[in-house]
Amino acid sequence: MRSVRVLVGTRKGAFLLTADAQRRNWTVDGPHFGGWEIYHVAGSPANPDRLYASQSSGWFGQIIQRSDDGGRTWEPAGNQFVYQGETGTHQWYDGTPHPWEFKRVWHLEASPHDPDTVYAGVEDAAIFRSTDGARTWTELPGLRQHSTGSRWQPGAGGMCLHTIVLDPGDPNRLYVAISAAGAFRSDDAGETWRPINRGLRSEFLPEQEAEVGHCVHRIAMHPSRPRVLFMQKHWDVMRSDDAGDSWREVSGNLPVDFGFPIAVHAHEPETIYVVPIKSDSEHFPPEGKLRVYRSRTGGTEWEALTSGLPQSDCYVNVLRDAMAVDGLEECGIYFGTSGGQVYVSPNGGDDWHCIVHNLPPVLSVEVQTLP
Amino acid sequence: MIRVVLPAHLRTLARVNGEVFLAVPDPVTIRRVLDALEAQFPMLLGTIRDAVTGQRRPFLRFFVCAEDWSHGAEDRPLPAAICTGQEPLIILGAIAGG
């Protein structure tokens, strides 16, 4: 019987949540790396026993952990993330030039084909690749050295590369998103990059439709339609049907279009999910009601999903990497909150229940669908 | 042998209990102790000092016989009490954070 394993990164460790395909009775394993910030735990689609975890701390820096047995045991892997060539500068918060400084790994994205190939999105923004199972890391410097790089600025959370989307059918095509530089695409396996921000509009920018400078929060793609991208921007939910060459807004009837994560149903490429958050100055749900919104039309028309979610006095946030979907026949949707809850809907969002109530603040949620 | 006291998180990472014992060639300095520590426990590379620049991580301090040797003393010969193992070199994490 198939099963699921949910990989949860929190402010104070990693947790693995497992259940059979019913997704009703859960086993909670953890904390792994207790006391450390776990920005992300990712599994290899090519070998589900291979996991990677980004473990970091303000005291001790960055560690990468690797497991070859589905998270039962872990070994520290390579943690040297060295920018290639001229480091250069980006803009600091006050607009002055500031040298690129490595701080942490926000996101790990394992190759769909090779368990030893994994990408790391880091702060200050850059993308690294390992082809030896995270033992060594090499930057793909064409992104950081893009001609617009000196104009990139950090968002409030730092200048992080937080989203990496790999085209499963074209190993040369990669998408990334950076706060607050925007979205970028490579068509040559990461050698060169170009901004893909046409159609984005950010009111905080002097030039509201600038080539770069947009605070993209998350990009999602269905593997069967790699040219269709969905984006949760700082404000606005956006859609592209041409691999990011242009974007149009699909916020539609959402109560508010600010938020962090966005996800696509595993079997319905036009069914997408967001979690509206009241505003960028109040990082909690509108009216104290935790509602996931689902669109079955690829955006614009949205419905609130509330069954099983708290509908009063709820003031948690859901971060950009904290939503995921499984691949079971009836698609499961998962998200984690800043209050330490991890929710699952085993029926595509119709009904929700809380897997675990009191973890540390959740930074990331991934799910593996196991045979 | 040189005795080194690590912060709790680094003991966990290195999978050691209690103090670490290291053979360090003369002259024994903090830099040489750290070189030996990272050679014996490669998972600690980058956790105490930057792996490229060698700069001490800002929230860590080096204490030698009750004195703070954190600032510019990496190459100063350590006292006999450390070299003979009578006293440990203490690597201390800042008491901070939530």
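Report on the accompanying structure.

Rules of the game
Residues numbered from 1 in each chain as written. Chains lettered and ligands numbered in written order. Predicted model: local features only at pLDDT ≥ 70, side-chain atom pairs only at ≥ 80, totals over all residues. Heavy atoms only, no water. Buried < 20%, exposed > 50% of the residue type's maximum accessible area, 1.4 Å probe, protein only. Helix = DSSP H or I, 4+ residues; strand = E, 2+ residues; numbered from the N terminus. Pairing = 2+ DSSP bridges. Disulfide = S-S within 2.5 Å. Contact = heavy atoms within 4.5 Å. Buried area = accessible area lost by both parts, 1.4 Å probe. Salt bridge = Lys/Arg side-chain N within 4 Å of Asp/Glu carboxyl O. Polar contact = N/O pair within 3.5 Å; in protein donor to acceptor, adjacent residues only side chain to side chain. Nonpolar A, V, L, I, M, F, W, Y, C, P; charged D, E, K, R; others polar. Core = buried A, V, L, I, M, F, W, Y, C linked by side-chain atoms within 4.5 Å. Axes fitted to C-alpha atoms, helices over the stretch in contact; angles between N-to-C directions.

Side note on the pairing of strand S11 (residues 118-123) of chain A
Residue and element names in this part refer to chain A. Counting buried positions over the six residues of S11 gives six, a clear majority of the element. The side-chain alternation of S11 yields two buried faces, one formed by Val118, Ala120 and Val122 and the other by Tyr119, Gly121 and Glu123. Where strand S10 (residues 104-110) meets S11, six bridges bridge the pair, whose relative direction is antiparallel. Pairing of Ala110 across the sheet is with Val118, part of S11.

Re the state of the cysteines
In the structure shown here, the tally under the stated rule is zero disulfides over all chains. Free cysteine: Cys215(A), not disulfide-bonded; nearest cysteine sulfur from Cys160(A) at 7.9 Å.

Points about the interface of chain B and chain A
Residue-level contacts link 19 residues of chain B with 17 residues of chain A. Both sides together, the interface formed by chain B and chain A hides about 1,400 Å², and carbon and sulfur atoms give 59% of it. Among the residues chain B hides against chain A, the three largest losses belong to His9(B), Leu13(B) and Arg15(B). Together they make up 34% of the total. We note a salt bridge from Arg15(B) to Glu75(A), for which the minimum N-O separation is 3.0 Å. Connecting chain B to chain A are six residue pairs in polar contact (both at pLDDT 80 or more). Looking at the side of chain B that touches chain A element by element, the count peaks at three residues for helix H1 (residues 8-14) of chain B. A class-by-class count of the residues in the side of chain B that touches chain A yields 11 nonpolar, six polar and two charged.

Regarding the nonpolar core
Leu6(B), Val33(B), Leu37(B) and Ile48(B) are the most contacted members of the largest nonpolar core, which has 40 residues in total. Residues within four places of Leu6(B) in sequence aside, it is in contact with Arg11(B), Val16(B), Val20(B), Leu37(B), Leu44(B), Ile48(B) and Ile91(B). One finds Val8(A), Val292(A), Val318(A) and Val342(A) within the second-largest nonpolar core, a separate group that totals 37 residues.

Focus: the sheet that holds strand S22 (residues 259-264) of chain A
All names here are of chain A. Strand order in this open sheet of four strands is S22-S23-S24-S25, and the pairing throughout is antiparallel. Both edges of this open sheet fall to S22 and strand S25 (303-305), since each of them pairs with a single strand only. Strand-to-strand twist of the sheet, defined as the mean angle between neighbouring strand axes without regard to direction, takes the value 30°. By the bridge criterion, three bridges tie strand S24 (residues 292-295) to S25 in an arrangement that is antiparallel. Bridged to Val292 within S25 is Leu305.

Points about the sheet that holds strand S27 (residues 333-336) of chain A
For sheets, the rule is that strands pair by backbone hydrogen bonds, running either parallel or antiparallel. All names here are of chain A. Strand order in the open sheet made by the four strands is S26-S27-S28-S29, with antiparallel pairing throughout. The open sheet has two edge strands, strand S26 (323-325) and strand S29 (353-356), and neither has a second partner. Taken pair by pair, the neighbouring strands of this sheet meet at an average axis angle of 25°, ignoring direction. Both S26 and S27 contribute to a ladder of three bridges, which runs antiparallel. Across the sheet, Val325 pairs through a bridge with Ile333, a residue of S27.

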